[in-house]
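Structure at a glance
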Amino acid sequence: MSRTHGGFGFQLTAPNKPLHLCELPILNPSPDDVVVQVAGCGVCHTDVAFAYDGVPTRHALPLVLGHEISGRVIAAGENAAGWLGRSVIVPAVIPCGSCPACRAGRVTICRQQFMPGNDGDGGFATHVLVPFRGLCPVPESLPSGVTLEMLSVVADAVTTPYEAIRRANLGAEDVTVIVGAGGVGGFGVQIAAALGAAVAVIDIDRERLDLAARHGASLALDASTTDLTGLKAAIRTFVKESGRKSIGLKIFEMSGTPAGQATAFGLLDHGAYLGVVGFTPKSVELRLSNLMAFDATARGNWGCPPDQYPDALQMVLTGKIALAPFVELHSLAEAPAVLDAVAKHAVPRRAILQPGRVI
Ligand SMILES: [Zn+2]
Ligand SMILES: [Zn+2]
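Structure report, in brief. Just so you know, these numbers come straight off a predicted model, no measurement behind them.

What counts and what doesn't
Residues numbered from 1 in each chain as written. Chains lettered and ligands numbered in written order. Predicted model: local features only at pLDDT ≥ 70, side-chain atom pairs only at ≥ 80, totals over all residues. Heavy atoms only, no water. Salt bridge = Lys/Arg side-chain N within 4 Å of Asp/Glu carboxyl O. Helix = DSSP H or I, 4+ residues; strand = E, 2+ residues; numbered from the N terminus. Buried < 20%, exposed > 50% of the residue type's maximum accessible area, 1.4 Å probe, protein only. Phe/Tyr/Trp six-rings, centres within 6.5 Å; stacked < 30°, edge-to-face > 60°. Lys NZ or Arg CZ within 6 Å of the ring centre and 35° of its normal. Donors = N, O, S within 2.8 Å, 3.2 Å for Na, K, Ca; no water. Tetrahedral: all angles 85-135°; square planar, octahedral: opposite > 155°, others 65-115°. Pairing = 2+ DSSP bridges. Contact = heavy atoms within 4.5 Å. Polar contact = N/O pair within 3.5 Å; in protein donor to acceptor, adjacent residues only side chain to side chain.

Considerations on the pattern of salt bridges
This model, assessed by the stated rule, comprises twelve salt bridges. Here R167 makes a salt bridge to E163, at a shortest N to O gap of 2.7 Å. Pair noted here: R167 and E163 are both in helix 3 (residues 159-167), with a separation of four residues, about one helical turn. Taken individually, R167 and E163 each receive the classification buried, so the pair is uniform in this respect. A salt bridge links D174 to K245, with the nearest nitrogen and oxygen atoms 3.2 Å apart. Placement of the pair is D174 in the loop between helix 3 and strand 9 (175-179) and K245 in the loop between helix 6 (228-242) and strand 12 (250-253), with a sequence separation of 71 residues. With a relative accessible area of 0%, D174 lands in the buried category. On the basis of relative accessible area, K245 is assigned to the partly exposed category, the value being 37%. Shared partners join several salt bridges into a network, and the residues in it are E68, D156 and R350.

In structure tokens, the structure reads:
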């Protein structure tokens, strides 16, 4: 059985402490596990919530964070031997496959799920030990401009909005509003546009809005200069001029901020649908009865079932989702500073930690 020597990672030892450089233990895969040599690991606001907002990880600290992982399988348990040497994306949520939730097809709410960086050591590391169930194979030959480390963001920032949009049955007859054009929303905009929907995007950052407008959004609204009444009026006009369905607006909250959530909820109209994609541990005050008054629907999703990953990956490989303009690569050694910058909303793109990258 293979051993992993000289691996290192960045642990959270206690909330509100900088991530701590640690040596990894020797990783010996059990029959259903693999060791992945990390090519890249995206930094998510859920990591920030663990590190700074007091959200407890399910596994006790210290714990290596990071759940948005791509890499190569360098050791495999006996049931996973076929994966040895392959490039993979590790799903952010790995269901057990056999519990009542999994058997009922609700795999993302599996209570025995494994989420790297939450249920065990994650991907802010040179190597990670994960179950082989649900691994998404990545072809060896990638289109130009796409690299294995960049594909790490498929494991959450792409697949979570993908699943939210899939559940909403978004199609070419729909108008959608994406609230938040950051690390998740930038991909949400592209997925919605690829499905043919008319896409409006709302953010408070001009640069993000411009980028979204170049990648599928037909209307970009700046919530730092337009109040809710103004946003509603602009969207009503957009719906009218879009030539799409005039009822049943599909709104997706992808900012993971209380302000974004209040805006998304405030846009609800008759028959509207609200997909809650972004995460914040903070509360917002809402008039929940608007759901009733508007005969509206609100729905959330915890990640994405692994069986949807290949389709989401395909959208990247066929150029329907551009990664390069929406990500930035950093050396793994910079993990503490990068997480800090993400917490301060000082990183406009999705940050990826890359063990193979020298500062
Ligand atoms: Zn995440
Ligand atoms: Zn299960």
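Now that the structure is up, let's keep going.
Examining the packing of aromatic side chains
Scanning the model with the defined rule gives three aromatic pairs in all. With a centroid separation of 6.5 Å and 80° between ring planes, the pair formed by F8 and F10 is classed as edge-to-face. By relative accessible area, F10 is classed as buried at 6%. Between the NZ or CZ atom of R86 and the centre of the ring of W83, over which it lies, the distance is 5.3 Å.

A short note on the coordination of the zinc ion (ligand 2)
Around the zinc ion (ligand 2), the protein supplies C96 (SG), C99 (SG), C102 (SG) and C110 (SG) as donor atoms, at distances of 2.3 to 2.4 Å. Taken together, the four donor atoms surrounding the zinc ion (ligand 2) define angles of 105 to 115° at the centre, an arrangement classified as tetrahedral. Each donor residue of the zinc ion (ligand 2) lies on one chain, and together they are spaced C-x2-C-x2-C-x7-C. Accessibility classification places C96 together with C102 in one group, the buried group.

A look at the sheet that holds strand 2 (residues 20-23)
Strand order across the open sheet formed by three strands is 2-1-4, with antiparallel pairing between neighbours. Every other strand in the sheet has two partners, leaving strand 2 and strand 4 (63-64) as the edge strands with one partner each. Sheet analysis places strand 1 (residues 8-12) next to strand 4, joined by two bridges and oriented antiparallel. Of the residues in strand 4, the one forming a bridge with L12 is L63.

Some words on the coordination of the zinc ion (ligand 1)
Each pair of donors in an ideal octahedron of six around a metal sits at 90 or 180 degrees, and each pair in an ideal tetrahedron of four sits at 109.5 degrees. Listed as protein donors to the zinc ion (ligand 1) are C44 (SG), H67 (NE2) and D156 (OD); their distances from the metal cover 1.7 to 2.2 Å. By relative accessible area, D156 is classed as buried at 12%.

Section: helix 1 (residues 45-52)
With six of eight residues buried, helix 1 is to be regarded as a mostly interior element. Listed in full, the buried residues belonging to helix 1 are T46, D47, V48, A49, F50 and A51. Of the surrounding elements, those touching the buried residues of helix 1 are strand 1, strand 3 (33-42) and helix 10 (335-343). Remark: G54 follows helix 1 within two positions and exhibits a positive phi of approximately 75°.

Digging into unusual backbone geometry
A cis geometry characterises the amide bond from L61 onward to P62, with omega recorded as 0°. The phi angle at N16 is positive, at roughly 65°, despite the residue not being glycine. Overall, N16 belongs to the exposed group, its relative accessible area being 53%. You will see that D295, though not glycine, has its phi angle at about 50°, which is positive. Residue placement: D295 occurs in the loop between helix 8 (289-293) and strand 14 (297-300).

Regarding the side chain of Q190
You can see Q190 is positioned in helix 4 (residues 185-194). Accessibility expressed as a relative area gives 4% for Q190, which makes it buried. Looking at Q190, its side chain comes within polar contact range of the main-chain oxygen of G186, at 3.4 Å. Polar contacts involving the side chain of Q190 include one to the main-chain amide nitrogen of A322, which spans 2.6 Å. Beyond its immediate chain neighbours, meaning those up to four positions away, Q190 contacts H215, K320, I321, A322 and F326.

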